[in-house]
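The primary structure of each chain is shown beneath.
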Amino acid sequence: MNGILRNFAVFEGCDGSGTSTQLSLLGQKYASSGRKPVFYPTFEPTDGAIGGLIRSALKNDTFFKAETLARLFAADRNEHLYAAGGVIERCRRGELVVCDRYVPSSLVYQGIECGDELPRSLNSAFPAPELLLFFDIDPKTALERLQNRSSLEIYEYLEFQKKVRERYHSLLGRYKDAGFGVEIIDASQNREKVAEDVWAAVSKMPIFE
Ligand code: TYD
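Sequence order as written defines the numbering, with residues in each chain counted from 1. Where local features are concerned, this predicted model is filtered to residues with pLDDT of at least 70; where side-chain atom pairs are given and counted, the filter is 80 or more; whole-chain, interface and lining totals use all residues. Side-chain measures were taken over the full set of non-hydrogen atoms in the model, leaving aside hydrogen atoms and water.

## Some thoughts on the layout of surface pockets
Alright, step 1. Approximately 720 Å³ is the volume found for the largest pocket.
Alright, step 2. Only protein atoms enter the 1 Å grid, on which a cavity is a set of points fitting a 1.4 Å probe that cannot get out and a pocket is an open set with protein on both sides within 12 Å along at least 5 of 7 lines, lining residues being those with an atom within 4 Å of a point. As for the largest pocket, its lining consists of 34 residues, of which D15, G16, T19, S20 and R101 are closest to the centre.
Alright, step 3. We call Asp, Glu, Lys and Arg charged. Ala, Val, Leu, Ile, Met, Phe, Trp, Tyr, Cys and Pro are nonpolar, and the rest, Gly among them, are polar. In the lining of the largest pocket, the residues fall into 11 nonpolar, 12 polar and 11 charged.
Alright, step 4. Grid points are joined across faces, edges and corners, and a volume is the space filled by probe spheres set on the points. Of the voids in this model, the second largest pocket is the one considered here, and its volume is about 290 Å³.

## Quick word on the site of the ligand
Alright, step 1. Taken together, 16 residues are adjacent to the ligand, and D15, R77, R101, S106 and Q110 come closest.
Alright, step 2. Definition of a polar contact: a pair of N or O atoms within 3.5 Å, with one able to donate and the other able to accept a hydrogen when the atoms are protein atoms, and with sequence-neighbouring residues admitted only if both atoms are side-chain atoms. Between the ligand and R101 there is a distance of 3.0 Å, counted from an oxygen atom to a side-chain nitrogen or oxygen.
Alright, step 3. Taking Q110, its side chain carries an N or O atom lying 2.7 Å from a nitrogen atom of the ligand.
Alright, step 4. Here the Shrake-Rupley method, with its probe set to 1.4 Å, supplies the accessible areas, and only the displayed protein chains count as covering residues. Within the complex, the protein chains bury 90% of what would otherwise be the 550 Å² of accessible surface of the ligand.
Alright, step 5. In a pocket analysis with a 2 Å cut-off to the grid points, the ligand is assigned to the largest pocket.
Alright, step 6. Numbering of helices and strands runs from the N terminus; a helix is a DSSP stretch of H or I covering at least four residues, while a strand is a stretch of E covering at least two. Elements that contribute at least two residues to the shell around the ligand include exactly α2 (49-58), α3 (66-82) and α5 (103-114). A cutoff of 4 Å decides nearness: a residue is near a molecule or strand if any of its heavy atoms lies inside that distance of it. Molecule-in-pocket calls rest on the fraction of atoms, with more than half required to lie within 2 Å of the cavity or pocket grid points.

## Overview of the pattern of salt bridges
Alright, step 1. Within this document, salt bridges are pairs made up of a side-chain nitrogen of Lys or Arg and a carboxyl oxygen of Asp or Glu, the two lying within 4 Å of each other. Here the structure, examined in full by the defined rule, presents 13 salt bridges.
Alright, step 2. Close ionic contact of E95 with R90 constitutes a salt bridge, the shortest N to O distance being 2.9 Å.
Alright, step 3. Only protein chains enter the accessibility calculation, which uses a 1.4 Å probe; a residue whose area is less than 20% of its type maximum is buried, one above 50% is exposed, and one in between is partly exposed. Overall, E95 belongs to the buried group, its relative accessible area being 7%.
Alright, step 4. Classification of R90 by relative accessible area gives buried; the value is 17%.
Alright, step 5. The partner of E159 in a salt bridge is K162, and the shortest N-O contact between them spans 3.7 Å. Separated by 3 residues within a single helix, E159 and K162 lie in helix α8 (residues 158-177), roughly one turn from each other.
Alright, step 6. Residue class for E159 comes out partly exposed when judged on its relative accessible area of 46%.
Alright, step 7. Several salt bridges converge on common partners, so that one network encompasses E89, R90, R93 and E95.

## A closer look at helix α1 (residues 19-33)
The periodicity of an α-helix, 3.6 residues per turn, causes residues three or four places apart in sequence to face the same way.
Alright, step 1. Across its 15 residues, α1 extends 21 Å between first and last C-alpha, which sits within 8% of the 21 Å expected from 1.5 Å per residue.
Alright, step 2. Of all the positions in α1, only T19, Q22, L23, L25, L26 and Y30 are classed as buried. All buried residues of α1 lie within an arc of 165° about the axis, which places them on one face of the element. Exposed residues lying more than 90 degrees from the buried face of α1 are Q28, A31 and S32.
Alright, step 3. Throughout, a residue-residue contact means that at least one pair of heavy atoms, one from each residue, lies within 4.5 Å. Buried residues along α1 sit against β1 (4-13), β2 (39-43), β3 (96-100), β4 (128-136) and α9 (191-202). Take the residue count of a helix, subtract one, and multiply by 1.5 Å to get its expected span. When we speak of the arc, we mean the arc of directions from the helix axis to the C-beta atoms.

## Quick notes on the packing of aromatic side chains
Alright, step 1. Pairing of aromatic side chains here covers Phe, Tyr and the six-membered ring of Trp, requires ring centres within 6.5 Å, and sorts the geometry by plane angle: under 30 degrees stacked, over 60 edge-to-face, intermediate tilted. By the definition in use, this model includes 11 aromatic pairs.
Alright, step 2. Ring geometry for F11 versus F135: centroids 4.9 Å apart, planes at 55°, classification tilted. On the criterion of sequence distance, the pair formed by F11 in strand β1 and F135 in strand β4 is long-range, its members being 124 residues apart. Here F11 matches F135 in class, with each residue buried.
Alright, step 3. A network of ring pairs unites the aromatic residues Y30, F39, W199 and F208 as a single cluster.

So this is what it looks like as structure tokens:
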């Protein structure tokens, strides 16, 4: 990735690792803490036009070649970052932007589907987050948490999720070696304890100094 974007944190993990729940808990904690910087929670795939296409493919309602989907994720990200009122603009004006999934999801998930080269080249120009929180959990436990959903998405099965976790761990090793901020959160704990660990990591970001 290309340079570090200040005030930008991302949540990553296997499906069912609880990133969306934790992002909303972080918002509640933030609101009650009286902290100063504006907090902007967001997510990928986005709820924009390209994100809609991606979600339809994730539900298996539309079929795209894996390489097409990799390009759609990158196009959705480009809009998310660079459109007016997007992530870059917000971070630069001093908001704290926390995004549920980002480039690492593409390197991991599309890496499994398409090989490393395509997602790497599609994502090489995007900035790196200042902090990456990885929600680590055994994929079997994570998938069990999804069992009450009415339908599962295309990546939500055990064999795939085992590869996802392995790939995340090797990616995180490379990120740490490159000097990026990485925190591994034990996502198998109860959600209040996970929320405390998330808060402990996020509140150390330079924006709070
Ligand atoms: P997820 O955050 O799990 O959404 P929801 O909780 O609404 O189902 O993300 C949807 C899926 O998209 C998830 O399986 C990971 C996948 N994904 C990629 O494969 N590549 C990407 O670049 C991104 C952002 C997500």
